[in-house]
Amino acid sequence: MWGHRGWPFRYPDNVEAGIRAAAGVAGGVEIDVRRSSDGRLVLSHDPDLQGLVVADRPWSELARLDLGGHGPALLDDVLDIPVTLDLEVKNDPWEPGHEPDHRIARDVADRARSGDVVTSFWWPSVDAVRQSHPDLATGLLVASPIDPHAALRHAVDLGHRSIAPHWTLIDDVLAGATRREGVDLIAWTVDDAPEALRLAGLGAAAIITNRPGELIAEDPTLKDTT
């Protein structure tokens, strides 16, 4: 079980307190990384924080924001947490701050620890990390209409360790194919205990949820799910 952006059922997305709380109950935590105008690696899912475009603002300005009683966090703020971090690089070419040279992905990879995984919906950035950091785990994020089997083929060809499709794209055929290829299957975002159990039964290596503590409370057997 991995927390999604920390523990958003209890805390705002990607804030340090939520990430630390999720780490206390989950085996991993997924977080989103963007770059501020002065080069800091800021945790933010959306291109903007309260209307301020992260790529256009310095950290000194972003740091003053109130995100529901919490301030924004930097990637460096959470690297001391003893939990697997799924470091999602936000570098889509249609969003502000896109870096066509994939420098942000490599900078995130430079900070990743053994056991962490670098992922992105923009596969060229993950491919770049695969080349520059061959010992680091990398994964491909997949959402409709992308075919998860195409992602699996890409992962096998480039040496990525995992694919992470939306849970609605995962069936026994895909699960069997990932097992045969030795690629981990990560499911997102699953907030229903029966669905989490179905995916665990298919052999998902990790299940990302907004409700890590709540799902485990609903079904304690999920505590043993990655």
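It should be emphasised that the depicted structure is a prediction, and the values quoted were computed from it without experimental measurement. Throughout, residues of each chain are indexed from 1 in the direction in which the sequence is written. Whole-chain, interface and lining totals are the exception, using all residues; otherwise, since this is a predicted model, local features are given only for residues with pLDDT of at least 70 and side-chain atom pairs are given and counted only at 80 or more. Each side-chain value is derived from all of the structure's non-hydrogen atoms; neither hydrogens nor water enter the calculation.

(A) Expanded view of empty space enclosed by the protein. Put plainly, a pocket is an open set of points on a 1 Å grid over the protein atoms alone with protein on both sides within 12 Å along at least five of seven lines, a cavity is a set where a 1.4 Å probe fits but cannot get out, and a lining residue has an atom within 4 Å of a point. Grid points are joined across faces, edges and corners, and a volume is the space filled by probe spheres set on the points. For the structure shown, the criterion picks out 1 cavity of 30 Å³ or more. Here the largest cavity defines a volume of roughly 70 Å³. Around the largest cavity sit Arg 34, Arg 35, Pro 47, Val 53, Val 54, Ala 55, Lys 90, Pro 96, Gly 97, Glu 99 and Ile 104, which together line it. Residues are grouped as follows: nonpolar covers Ala, Val, Leu, Ile, Met, Phe, Trp, Tyr, Cys and Pro; charged covers Asp, Glu, Lys and Arg; every other residue, Gly included, is treated as polar. By residue class, the composition of the lining of the largest cavity is 6 nonpolar, 1 polar and 4 charged.

(B) Summary view of the side chain of Ser 120. In this text, helices come from DSSP runs of H or I with a minimum length of four residues, and strands from runs of E with a minimum of two, each type numbered from the N-terminal end. Considering the arrangement of structural elements, one finds Ser 120 in strand β7 (residues 117-120). Looking at Ser 120, the relative accessible area reads 1%, which means it is buried. Any N or O atom pair separated by 3.5 Å or less is treated as a polar contact, with the protein-specific requirement of one donor-capable and one acceptor-capable atom, and with residues adjacent in sequence counted only for side-chain atom pairs. Here Val 89 takes part through its backbone oxygen, which lies 2.9 Å from a polar atom of the side chain of Ser 120. Within polar-contact distance, the side chain of Ser 120 engages the backbone nitrogen of Trp 122 at 3.0 Å. Contacts of Ser 120, omitting those with residues within four sequence positions, involve Glu 88, Val 89, Val 126, Gly 139, Leu 140 and Leu 141. Note on classification: 1.4 Å probe, protein chains only; a residue is buried when its accessible area is under 20% of the maximum for its type, exposed when over 50%, partly exposed between these limits. The criterion used for residue contact is that any of the two residues' heavy atoms lie within 4.5 Å.

(C) View of helix α3 (residues 103-111). All buried positions along α3 are accounted for by Ile 104, Ala 105, Asp 107, Val 108 and Ala 109. In this structure, the buried residues of α3 make contact with β2 (28-35), β3 (41-43), β6 (84-89), β7 and α4 (123-132).

(D) How the structure looks around the pairing of β2. With 8 of 8 residues buried, β2 lies mostly within the body of the structure. Judged by which residues are buried, β2 turns out to be covered on both faces: Gly 28, Glu 30, Asp 32 and Arg 34 on one side and Val 29, Ile 31, Val 33 and Arg 35 on the other are all buried. In terms of strand pairing, strand β1 (residues 2-4) meets β2 through 3 bridges, oriented parallel. Bridge pairing in β2 links His 4 to Glu 30. Here is how to tell: hold the view so the strands point away, follow the path from the first strand over the helix to the second, and if it runs clockwise the crossover is right-handed. Following the chain from β1 across helix α1 (residues 16-23) to the adjacent parallel β2, one finds a crossover that is right-handed. Relative to β6, β2 runs parallel, the two being bridged by 6 bridges. Here the rule is simple: two strands pair whenever DSSP picks up at least two bridges between them.

(E) The packing of aromatic side chains, seen in detail. Two aromatic rings from Phe, Tyr or Trp, using only the six-membered ring of Trp, form a pair when their centres are within 6.5 Å; if the ring planes differ by under 30 degrees the pair is stacked, by over 60 it is edge-to-face, and anything between is tilted. For the coordinates displayed, the defined rule picks out 2 aromatic pairs. Taking the centre distance of 6.2 Å and the plane angle of 85 degrees together, the rings of Trp 94 and Trp 122 count as edge-to-face. One end of the pair, Trp 94, is in the loop between β6 and α3; the other, Trp 122, is in the loop between β7 and α4, with 28 residues separating them in the sequence. On the accessibility criterion, Trp 94 (62% relative accessible area) is exposed. Judged by relative accessible area, Trp 122 falls into the partly exposed class, the value being 24%. Aromatic side chains Phe 121 and Trp 188 sit 5.7 Å apart centroid to centroid with 85 degrees between the ring planes, which places their arrangement in the edge-to-face category. Residue Phe 121 is found in the loop between β7 and α4, and its partner Trp 188 is found in the loop between β10 (184-187) and α7 (193-202); the two are separated by 67 residues along the sequence. A ring has a charge above it when a Lys NZ or an Arg CZ is no more than 6 Å from the ring centre and no more than 35 degrees off the ring normal. One residue, Arg 211, lies across the ring of Phe 9, its end atom 5.2 Å from the ring centre.

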